[in-house]
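Listed here are the chains, written in short residue letters.
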Amino acid sequence: MNDLAIVGLGYVGLPLGLQFAKNDCQVLGLDIDAAKVDAINAGKSYIHHISAESIADQVDAGRLKASTDFSLVSESRAVVICVPSPLNKNREPDISYILETGAAIAPYLKPGILVVLESTTYPGTTDEDLRKVLEEGSGMTAGKDFHLAFSPEREDPGNPDSKVATIPKVVGGLTPACLEKAIELYSRAVQRVVPVSSCRAAEATKLLENIFRSINIALVNELKVVYEAMGIDVWEVIEAAKTKPFGYMPFYPGPGLGGHCIPIDPFYLTWKAREYGQATRFIELAGEINTSMPTYVVHKVAETLNSVRKPLNGSKVLLVGLSYKANVDDDRESPGYILLEMLKNAGAEVAFYDPYIPVIRPSREHAHWAGTKSIEWDQATVESFDLTLIATAHANVDYQQLCDWSQLVIDTRNATHGIASETRVVKA
């Protein structure tokens, strides 16, 4: 009997499964991607910051196994759902992956089993939408025949201080008994469990966390543009401001938002709020500012090329850093793709360099870029571009070399701070 099955073996599900396995739980990983399943069973990793050794150790110990067979849910005491919850082309919530997963596991649920949703979503998804699918497919009643809960993921890929075991786990249950079961489950792998009154409160907690970040990033993005007009370096200002030991938390500007949380989660709440006749003007304004940043950056590229009598149309532009954040291979919702697309549409010849992404993987959002390879890191190749655009500041990129080899540099991440070079470097 498995202690739990985890559906969705991506950036959330895999580290969660490993943490439970390390705490002597029998973990079954389920995914529709056979390549991921085969990799886990072979003790291999497909996520850069998760070592193959950490997977192989748990597989060899018999605590972790993976499958594409969802009927094996019947052999598990709990199921944790960690599947994507993106926005559709109209920027509206798409919970189809959640509901399809619910429909897939429902026929195999046994009385007393616990089902937990971890995918970020709007309040009401767990106790309304997912609950309905599970009850219809299983013939059982949530809160009576099986337990149902929500616990938001708090993964921070690339952060060495971010450990599943030490990050407090917020949990909300459909009923007090559901909450008790969820607390019991997570207490086996996480040091601190934080119970809240309902699934909706837990769902709202995750949204608050990421809306807070979205709004503050929008603030510094706006200030970046304002301060630039005044001849002030926003990065210098932020460094000075963060010396204040109270009442201030540093956030940093960039070329746009990326990842599976901040660009998406706020829109889940704005969409749901309309059902209650409520406006979310603050959130929507932040989204407006953040989504405008790629346009600002492309304008800066064109302006910089014009200053040396080169048009953007026909120029060669190298984008450095395609993943959405530093030191990871995660390119979900990366603003780098928007920049590549905008530059290409403006007539530029574009390419990218990213030590974590040697080739662009197939995806729903950027299918036409699949198979595009990162350039080779050498002087002759970098010198062949008219302009280099730093979109993500990976620590293992030699920025001194990059500046010395490039003809022009646009830096959106302050990666070139303190570097002396004859090459013109423009902050954006």
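Residues numbered from 1 in each chain as written. Predicted model: local features only at pLDDT ≥ 70, side-chain atom pairs only at ≥ 80, totals over all residues. Heavy atoms only, no water.

*Asks:* Please clarify how the overall build of the protein should be interpreted in this entry.
*Replies:* Looking only at helices and strands, the protein features 13 helices and 13 strands. Radius of gyration (C-alpha) of the protein: 23 Å, near the 22 Å computed for a compact globule of 428 residues. Taken over the C-alpha atoms alone, the protein extends approximately 70 × 50 × 40 Å along its principal axes. Counting every position in the protein, which comprises 428 residues, the buried fraction comes to 52%. Taking all contacts inside the protein whose residues are at least 6 apart in sequence as the whole, residues at least 24 apart take part in 68%. Separation of charge centres in the protein, based on 40 positive and 54 negative side chains, amounts to 3 Å. (Helix = DSSP H or I, 4+ residues; strand = E, 2+ residues; numbered from the N terminus. Rg over C-alpha atoms; globule rule 2.2 N^0.38 Å. Buried < 20%, exposed > 50% of the residue type's maximum accessible area, 1.4 Å probe, protein only. Contact = heavy atoms within 4.5 Å. Lys, Arg positive; Asp, Glu negative; His and termini not counted. Charge placed at Lys NZ, Arg CZ, Asp CG, Glu CD.)

*Asks:* Quick question: what am I supposed to make of the UniProt feature "domain: UDP-glucose/GDP-mannose dehydrogenase C-terminal" (unreviewed entry) in the protein here?
*Replies:* UniProt's feature table lists "domain: UDP-glucose/GDP-mannose dehydrogenase C-terminal" (unreviewed entry) at residues 318-418, given in the numbering used throughout. A distance of 22 Å separates the end C-alpha atoms of residues 318-418, which is 23% helix and 16% strand. (UniProt positions renumbered as here; feature names shortened; annotations may be inferred.)

*Asks:* Sorry, what's going on with helix H7 (residues 199-229) here?
*Replies:* With 31 residues, H7 ought to run about 45 Å at 1.5 Å a step, and its terminal C-alpha atoms sit 46 Å apart, in line with that. Two residues or fewer past H7, Gly231 is found with a positive phi of approximately 75°. (Expected span 1.5 Å × (residues − 1).)

*Asks:* Help me understand the pairing of strand S8 (residues 193-196) in this model?
*Replies:* The side chains of a regular strand alternate between both faces of the sheet. Bridging between strand S7 (residues 169-173) and S8 involves 4 bridges; their strand directions are parallel. Note on S8: the bridge partner recorded for Gly172 is Val196. Note on the crossover from S7 through helix H6 (residues 176-186) to S8: the handedness is right-handed. (Pairing = 2+ DSSP bridges. Right-handed = clockwise from strand over helix to strand, strands pointing away.)

*Asks:* I keep staring at the sheet that holds strand S13 (residues 424-427) and nothing clicks. Help me out?
*Replies:* What links the strands of a sheet is backbone hydrogen bonding, and the strands pair in either a parallel or an antiparallel sense. Taken in spatial order, the 5 strands line up as S10-S9-S11-S12-S13 in an open sheet, and their pairing is parallel. The outermost strands of the open sheet, each flanked by one partner alone, are strand S10 (349-353) and S13. With direction set aside, neighbouring strand axes in the sheet form an average angle of 20°. Across 5 bridges, the pairing between strand S9 (residues 316-320) and S10 is parallel. Considered in S10, the bridge of Val317 is made with Val350. (Axes fitted to C-alpha atoms, helices over the stretch in contact; angles between N-to-C directions.)

*Asks:* Before we go on, may I ask you to explain the pattern of salt bridges in this structure?
*Replies:* When their charged atoms lie close together, side chains carrying opposite charge are able to pair. Here the structure, examined in full by the defined rule, presents 17 salt bridges. The partner of Glu275 in a salt bridge is Lys272, and the shortest N-O contact between them spans 2.9 Å. Pair noted here: Glu275 and Lys272 are both in helix H9 (residues 265-275), with a separation of 3 residues, about one helical turn. Overlapping salt bridges, with partners in common, bring together Asp3, Arg77 and Arg188 in one network. (Salt bridge = Lys/Arg side-chain N within 4 Å of Asp/Glu carboxyl O.)

*Asks:* Explain the side chain of Asp3 here, please?
*Replies:* Its place among the elements puts Asp3 in the segment before strand S1 (4-7). Taking the relative accessible area as the measure of exposure, Asp3 reaches 12% and is therefore buried. There is a polar contact of 2.6 Å between the side chain of Asp3 and the backbone nitrogen of Gln26. Asp3 has contacts with Asp24, Cys25, Gln26, Arg77, Ala78 and Arg188, leaving out every residue within four places of it along the chain. (Polar contact = N/O pair within 3.5 Å; in protein donor to acceptor, adjacent residues only side chain to side chain.)

*Asks:* Just to check I follow, could you spell out unusual backbone geometry for this structure?
*Replies:* Note on backbone geometry: most residues besides glycine have negative phi, and most peptide bonds are trans. Here Asp24, not a glycine, exhibits a phi torsion of approximately 65°, which is positive. Residue placement: Asp24 occurs in the loop between helix H1 (13-22) and strand S2 (27-30). Overall, the relative accessible area of 56% leaves Asp24 in the exposed class. Unusually for a residue other than glycine, Arg309 sits at a positive phi of about 65°. Position of Arg309 among the secondary structure elements: in the loop between helix H10 (281-306) and S9. Exposure remark for Arg309: the relative accessible area of 79% places this residue in the exposed category.

*Asks:* Where do I start with the packing of aromatic side chains in this structure?
*Replies:* Within a pair of aromatic rings, the relevant descriptors are the distance that separates the centres and the angle that separates the planes. Under the counting rule described, the total for this entry stands at 7 aromatic pairs. Between Phe20 and Tyr186, the ring centres sit 6.1 Å apart and the planes meet at 50°, which makes this aromatic pair tilted. Residue Phe20 is located in helix H1, and its partner Tyr186 is located in helix H6; the two are separated by 166 residues in the primary sequence. We note that Phe20, like Tyr186, is buried. Linked through ring pairs, Tyr122, Tyr268 and Trp271 together constitute an aromatic cluster. Stacked on the ring of Phe385, the Lys or Arg Lys316 has its end atom at 4.8 Å from the ring centre. Just above the ring of Trp369 sits the side chain of Lys344; from NZ or CZ to the centre is 5.2 Å. (Phe/Tyr/Trp six-rings, centres within 6.5 Å; stacked < 30°, edge-to-face > 60°. Lys NZ or Arg CZ within 6 Å of the ring centre and 35° of its normal.)

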